[in-house]
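Chains, contacts and geometry: an overview
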There are 2 protein chains.
Amino acid sequence: MGAVAERLGVTPMALYRHVVNKADLLDGIVELLLTEFPAPTLEDPWTERLSRLAEAIRATAQRHPGVFALLLQRPATTRAARGARDSVYLALREAGVNEERVAHTERLISTAILGFAVSEVAGRFKDHSRRQLDADFERLQGMLAQFIDSEVAEGRRA
Amino acid sequence: MGAVAERLGVTPMALYRHVVNKADLLDGIVELLLTEFPAPTLEDPWTERLSRLAEAIRATAQRHPGVFALLLQRPATTRAARGARDSVYLALREAGVNEERVAHTERLISTAILGFAVSEVAGRFKDHSRRQLDADFERLQGMLAQFIDSEVAEGRRA
DNA sequence: ACCTGAACACCGTTCAAGT
DNA sequence: ACCTGAACACCGTTCAAGT
């Protein structure tokens, strides 16, 4: 509260006119983080859109290392969270994932990417070089692409 | 500090004889969390060992929801962390993963599982039923098994 | 060697009072 | 309508003093 108030040139008490408490303020920050992710588009192929989204998530984590971990701790039920999720839903449908499989596929993909991004900025990979982490992230995306393929294949079989 | 001290029937100040500060105490807690994971064995097939480890990680998260997220925030360089990692290394080698691929494969697997477990206990999946989460976790393991297979295949090709 | 009381800095929060 | 000062509870930490 103190840091935010100072940036606004105001005392901490002034904030309570605008947020109910610290948790509420943090929820607002999470909402802002989510708006940094690119909005759903239809122009490019879905593979490209998903990998751009993945990179954007990672970049947002690096820009806001102190708060990014909150994304794992708040239920993704807000408007901005819904927007980010819809972006993935759209791509998955376009990839050919069955409608009943879209939701859980998105959950796994998002979890894996958020988990990596949080680990990276929160310090779990502190001893690894940037090159190594870039390579890992690339492979992570490969794993997820492969997973999407298998979901599509399983859907066709049903 | 207060809560720990109370459980020990002692004042908070007494703790400073045993830990240098709160961060140090939290590091110790993380170390304890890691020891809850099953030690490496060679008895059962590696697939079974990995899935037992995955379940153990998830169960530990559920037992200690207040501190489990710390696992993403501390570099995995302590003795207990090394032990947990070696357990996975062993299984991956047995699966046929090339030696130069073992490390990054472990990183991706651990990240995905920790990311899921943290999301679950930290509240991100608050609106999902237990059944749904169980099914998701099952699928997550399927995805990782598939990933290991592909790593083995790529290793053979090289 | 280990623990405690007093004390301090810091931080989230409330509330009456100011403009 | 919005901000502030005073005040409070809480918490991590230090240190001299106790056993």
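Scroll up a little and you will see the structure.
Worth saying up front: this structure is predicted, and the values here are computed from it rather than measured.

1. Comments concerning the packing of aromatic side chains
Across all of its chains, the model carries four aromatic pairs over all chains by this definition. Here F116(A) and F125(A) contribute two aromatic rings whose centre-to-centre distance is 5.4 Å and whose plane-to-plane angle is 50 degrees, an arrangement assigned as tilted. In terms of burial, F116(A) and F125(A) fall into one category: buried. Taking 5.3 Å as the distance between ring centres and 45 degrees as the angle between the ring planes, the aromatic pair formed by F116(B) and F137(B) counts as tilted. Here the residue F116(B) occupies a position in helix 5 (residues 99-122), and F137(B) occupies one in helix 6 (residues 130-157), the gap between them amounting to 21 residues. For F116(B), a relative accessible area of 1% corresponds to the buried category. On the accessibility criterion, F137(B) (1% relative accessible area) is buried. One aromatic cluster in this structure is built from F116(A), F125(A) and F137(A).

2. A closer look at the side chain of R49(B)
Residue and element names in this part refer to chain B. Relative to the elements of secondary structure, R49 occurs in helix 3 (residues 46-63). R49 sits in the buried class, given a relative accessible area of 9%. Polar contacts involving the side chain of R49 include one to the side chain of E94, which spans 3.0 Å. Aside from chain neighbours lying at most four places away, what touches R49 is T41, L42, D44, L90, A91 and E94.

3. Details of the pattern of salt bridges
Summed over all chains, the structure comprises 24 salt bridges over all chains. Salt-bridge contacts for R107(B) lead to D136(A); the nearest nitrogen and oxygen are separated by 2.4 Å. With R107(B) in helix 5 and D136(A) in helix 6 (residues 130-157), this pair bridges two chains. Side by side, R107(B) and D136(A) carry an identical accessibility label, which is buried. Salt bridges sharing partners connect three or more residues here, namely R58(A), E120(A), R130(A) and D134(A).

Each value, and the rule that gives it
All residue numbers refer to position in the chain's written sequence, counted from 1. Going through the entries in the order they are written, you letter the chains from A and number the ligands from 1. This being a predicted model, a pLDDT of at least 70 is required before a residue's local features are given, and a value of 80 or more before pairs of side-chain atoms are given or counted; all residues contribute to the totals for chains, interfaces and linings. In computing side-chain values, all of the structure's heavy atoms are included and hydrogens and water are not. Only rings of Phe, Tyr and Trp enter the pairing, Trp through its six-membered ring, and a pair is recorded when the two centres are within 6.5 Å. The plane angle decides the type: under 30 degrees is stacked, over 60 is edge-to-face, the rest tilted. Each residue is placed in one exposure class: buried if its accessible area under a 1.4 Å probe, protein chains only, is under 20% of its type's maximum, exposed if it is over 50%, and partly exposed if it falls in between. The way it works is that DSSP assigns letters per residue, a run of H or I at least four long becomes a helix, a run of E at least two long becomes a strand, and they are numbered from the N terminus. N or O atoms within 3.5 Å of each other form a polar contact, as long as, within protein, one can give a hydrogen and the other can take it, and as long as residues adjacent in sequence are counted only when both atoms are side-chain atoms. Contacts are assigned to residue pairs that have any heavy atoms within 4.5 Å of one another. Whenever a carboxyl oxygen of Asp or Glu lies within 4 Å of a side-chain nitrogen of Lys or Arg, that contact is scored as a salt bridge.

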